[in-house]
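Here's the letter readout for the chains.
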Amino acid sequence: MSKKSAPKSRERREMTTGRALFGFLAPILVLVGLIAIGAEVTIASLMALFVMIGYCMYMGYLWPEIDSAMAEGVRQIATASMIMLLVGCMVAVWMSSGTIPTLLYYGMKIITPKLFLPICFLLPAFMAVCAGTSWGSISTIGVVLCGMSAGLGIPVAMAAGAVISGAFFGDKMSPLSDTTLLAASSVEVPLFDHIKSMWYTTIPGTLICLVIYTALGIRASGNIDTAAVSVLSDGLANTFHISPIHVIPVALVLVLSVMQVPAFVAFGAGIGSGILWSMIFQGRGFLENLGYIMSGFSVESGVEAVDSLVNRGGFSSMLSLVGILLVLGMLSGLFSKTGVLNMLVSKLSTRLNTPFSILCGVWVSALFICLIGGQYPAIAIPAVAFKDVCDRMDIHRVVLSRTLEDVGTMVAAIVPWSAWVVGYGVILGGVTVQEFIPYTFLPMICPILALINNYLGIGLFHKDDKVHYKPLWRRGKHEY
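Worth saying up front: this structure is predicted, and the values here are computed from it rather than measured. (Residues numbered from 1 in each chain as written. Predicted model: local features only at pLDDT ≥ 70, side-chain atom pairs only at ≥ 80, totals over all residues. Heavy atoms only, no water.)

**Overview of the side chain of Ser 233**
Here's step 1: Inspection of the secondary structure puts Ser 233 in helix 10 (residues 227–239).
Here's step 2: Residues contacting Ser 233, with those up to four places away along its chain left out, are Tyr 105, Met 108 and Lys 109. (Helix = DSSP H or I, 4+ residues; strand = E, 2+ residues; numbered from the N terminus. Contact = heavy atoms within 4.5 Å.)

Shown next as structure tokens:
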């Protein structure tokens, strides 16, 4: 019996700067090009992966080497992918238990006539943090708020800008948000360390927004017609048992996270307590909750706005994002195997040899990709390209993930040719992008604050520093 012959060796081509540049740009251009013409991000990522596989074969790599590199890329993001799936499950049971509806219900009670425009920022922000979705916040309470603005003498475009700014606060800061999860997992940092780091730009950005919105809306007069708000809050109250006790599952997860309990355990406790609360207070059965965990929470309340806001979550809702992450993980493994990024970063490092210059490279890369390809690629691709060089420059990866969100997540709210951004104007009263983008302040302010903080060293942690938040804390340039 003859032995299987070993795979034939193939002559490996030398990695040059030109070949490295082609190996990096070819899959990236395919990715952003396909997204630009309307392809789904998952499919565009898959096509980019095939281009990279072809490049690896051109460079002389055998299939077992390529396969092994992709497997290693997947292994590195496997835990993060599982956490994303757990978050989807937790959102579903927190809807079923009345936890998120309770937070939404009490959030709507803070609307007051005198500070309507700041409320247009704060209330969507609160709802987006609770639900983990900017779109859900914009398309529900955002519509209600913009409908009220005309009666107060506030231009609808101004209210729409405040609503979108607030919603994207939640898109950036919520531990349930897909962009927040993607940024933390792409650079391989703990989720709540990433969120803690983002306060360095988000808190001052939020304060600036509140000052501006207060100044713009302070002269508004009239009384709010609360009928639309009452419909939404009454719909929540009629569909769910609303009580402060429903906040306990959220508090439990936050306490466990502060205690540095592993995310698997913390989110598992959140799911378990959500199921228990749903059975006790909402009267939903155990098997019914298991169905929600898989497919997402679903209810017919008779109020379309309520259904739009609460019918979400579930294991299956995160599969598309996990698919993107798995494909990009394979792409990352091939980049590492071929040394494409090492070659380019080594060349880049000779010119960008300070923390600020490296982070400027991250900033520009995320901006360029966001303008062409949207949020997910703008976060994931620079994360792959710069996380190792940040390690070598003794920059904590939470600074990288923070910069990616300050640009990649936030700028997506004000890209005027984006179908999503155009859609915001349509649902918020028929305003055009030219009308509301000038009032969408937070997505403009955060990228600027990222540059300022990175230049001054504010929140610029060393690689092994413990992540904390202290206003204006900075590390002097002489320490690098």
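**Some words on the confidence of the model for the chain**
Here's step 1: For the chain, the average pLDDT comes to 84, and 90% of its residues sit at 70 or higher.
Here's step 2: Of all secondary-structure elements in the chain, the lowest mean pLDDT belongs to helix 16 (residues 340–349), at 70, while helix 13 (residues 286–295) reaches the highest, 95. (pLDDT = per-residue confidence, 0-100.)

**Observations concerning empty space enclosed by the protein**
Here's step 1: In this structure the tally under the stated criterion is two cavities of 30 Å³ or more.
Here's step 2: In this model, the largest cavity occupies a volume close to 100 Å³.
Here's step 3: In this structure, the largest cavity is lined by Gly 73, Gln 76, Ile 77, Ser 186, Glu 188, Leu 325, Leu 328, Gly 329, Ser 332, Ala 380, Val 384 and Lys 387.
Here's step 4: For the lining of the largest cavity, the secondary structure elements donating two or more residues are helix 3 (63–97), helix 15 (319–338) and helix 18 (375–392).
Here's step 5: Tallying contributions element by element places helix 15 first for the lining of the largest cavity, with four residues.
Here's step 6: In terms of residue class, the lining of the largest cavity is made up of five nonpolar, five polar and two charged. (1 Å grid on protein atoms, 1.4 Å probe; cavity = no way out; pocket = protein on both sides within 12 Å on 5 of 7 lines; lining within 4 Å. Points joined across faces, edges and corners; volume = space filled by probe spheres on them. Nonpolar A, V, L, I, M, F, W, Y, C, P; charged D, E, K, R; others polar.)

**Re the pattern of salt bridges**
Here's step 1: Within this structure, the stated rule accounts for seven salt bridges.
Here's step 2: Of the charged contacts, one joins Glu 188 and Arg 397 as a salt bridge, the two residues approaching to 3.9 Å between their closest N and O atoms. In this pair, Glu 188 sits in the loop between helix 8 (178–186) and helix 9 (191–217) while Arg 397 sits in helix 19 (residues 397–411), placing the two residues 209 residues apart along the sequence.
Here's step 3: Owing to a relative accessible area of 37%, Glu 188 belongs among the partly exposed residues under this scheme.
Here's step 4: The partner of Asp 388 in a salt bridge is Arg 397, with the nearest N and O atoms 3.5 Å apart.
Here's step 5: For Asp 388, a relative accessible area of 36% translates into the label partly exposed.
Here's step 6: One continuous salt-bridge network, built from bridges that share partners, spans Glu 188, Lys 387, Asp 388, Asp 391 and Arg 397. (Salt bridge = Lys/Arg side-chain N within 4 Å of Asp/Glu carboxyl O. Buried < 20%, exposed > 50% of the residue type's maximum accessible area, 1.4 Å probe, protein only.)

**Observations regarding unusual backbone geometry**
Here's step 1: Positive phi values are uncommon outside glycine, yet Glu 188 reaches one of about 65°.
Here's step 2: Positive phi outside glycine occurs at Asp 394, with the angle close to 60°.
Here's step 3: Here Asp 394 shows up in the loop between helix 18 and helix 19.

**Some thoughts on the environment of Ala 157**
Here's step 1: Structurally, the position occupied by Ala 157 is in helix 7 (residues 156–173).
Here's step 2: Taking the relative accessible area as the measure of exposure, Ala 157 reaches 11% and is therefore buried.
Here's step 3: As a C-alpha pair, Ala 157 and Cys 146 span eleven residues in sequence and 8.3 Å in three-dimensional space.
Here's step 4: Beyond its immediate sequence surroundings of up to four residues, Ala 157 is in contact with Val 431, Glu 435, Phe 436 and Tyr 439.

**Re helix 1 (residues 17–36)**
Here's step 1: With 20 residues, helix 1 should cover 28 Å at 1.5 Å per step; its first-to-last C-alpha distance of 28 Å lies within 8% of that length.
Here's step 2: Looking at helix 1, one finds that the buried residues are Ala 20, Gly 23, Phe 24, Ala 26, Pro 27, Ile 28, Leu 31, Val 32 and Ile 35.
Here's step 3: Just downstream of helix 1 lies Gly 38, where phi reads positive at about 110°. (Expected span 1.5 Å × (residues − 1).)

**Some words on the packing of aromatic side chains**
Here's step 1: All chains considered together, the criterion is met by 15 aromatic pairs.
Here's step 2: Both rings, one in Phe 22 and one in Tyr 55, keep their centres 6.2 Å apart while their planes meet at 45°; by these two values the pair is tilted. In this pair, Phe 22 is assigned in helix 1 and Tyr 55 in helix 2 (residues 41–58), connecting sequence segments 33 residues apart.
Here's step 3: Residue classification places Phe 22 among the exposed positions, given a relative accessible area of 53%.
Here's step 4: With relative accessibility at 5%, the residue Tyr 55 sits in the buried group.
Here's step 5: Here Tyr 105 and Tyr 106 contribute two aromatic rings whose centre-to-centre distance is 5.4 Å and whose plane-to-plane angle is 75°, an arrangement assigned as edge-to-face. (Phe/Tyr/Trp six-rings, centres within 6.5 Å; stacked < 30°, edge-to-face > 60°.)

**Observations regarding the nonpolar core**
General note: in soluble globular proteins, nonpolar side chains tend to be found buried as a group.
Here's step 1: Val 310, Leu 334, Phe 335 and Phe 436 are the most contacted members of the largest nonpolar core, which has 159 residues in total.
Here's step 2: At 17 residues, helix 3 tops the list of elements feeding residues into this core.
Here's step 3: Look past the residues within four positions of Val 310 in its chain and what remains in contact with it is Met 95, Pro 101, Leu 236, Phe 240, Phe 297 and Val 299. (Core = buried A, V, L, I, M, F, W, Y, C linked by side-chain atoms within 4.5 Å.)

**Remarks on a nonpolar patch on the surface**
Here's step 1: A grouping of Leu 276, Met 279, Ile 280, Phe 286, Leu 287 and Leu 290 is seen on the molecular surface, where their side chains present a nonpolar patch of about 590 Å² in accessible area.
Here's step 2: In this fold, Leu 290 is placed in helix 13.
Here's step 3: Taking relative accessible area as the criterion, Leu 290 reaches 36% and is therefore assigned partly exposed. (Patch = residues over 30% accessible without salt bridge, like charges linked within 9 Å, V, L, I, M, F, W, Y side chains within 5 Å. Areas by Shrake-Rupley, 256 points an atom, 1.4 Å probe, with all protein chains shown as cover.)

**Re the layout of surface pockets**
Any empty space left between atoms is shown by rolling a water-sized probe over those atoms.
Here's step 1: In this structure, the largest pocket encloses a volume near 1,300 Å³.
Here's step 2: If you go around the largest pocket, you meet 44 residues; those closest to its centre are Val 41, Asp 178, Gln 375, Tyr 376 and Trp 420.
Here's step 3: Taken together, 31 residues form the lining of the second largest pocket, with Pro 190, Leu 191, Phe 192, Asp 193 and Ile 195 sitting closest to its centre.
Here's step 4: Mapped onto the lining of the second largest pocket, the elements with two or more residues apiece are helix 3, helix 7, helix 8, helix 9, helix 11 (248–258) and helix 12 (263–282).
Here's step 5: The element best represented in the lining of the second largest pocket is helix 9, accounting for six residues.

**Structural notes on the packing of helix 9 against helix 22 (residues 442–456)**
When two helices pack together, their arrangement is given by the angle between their axes and by how far apart the axes lie.
Here's step 1: Orientation of helix 9 relative to helix 22, taken along the N-to-C sense of each, is 135°, at an axis distance of 9 Å. As far as their axial angle goes, helix 22 and helix 9 are oblique. In terms of crossing hand, the pair formed by helix 9 and helix 22 is right-handed. Of helix 22, the residues touching helix 9 (which contributes Tyr 200, Thr 201, Pro 204, Gly 205, Thr 206, Ile 208 and Cys 209) are Leu 442, Ile 445, Cys 446, Leu 449, Ala 450 and Asn 453.
Here's step 2: Its residues placed into classes, the contact of helix 9 with helix 22 shows nine nonpolar, four polar and no charged. (Axes fitted to C-alpha atoms, helices over the stretch in contact; angles between N-to-C directions. Parallel < 35°, antiparallel > 145°, perpendicular 65-115°, else oblique. Left-handed = near helix turned anticlockwise from the far one by under 90°.)

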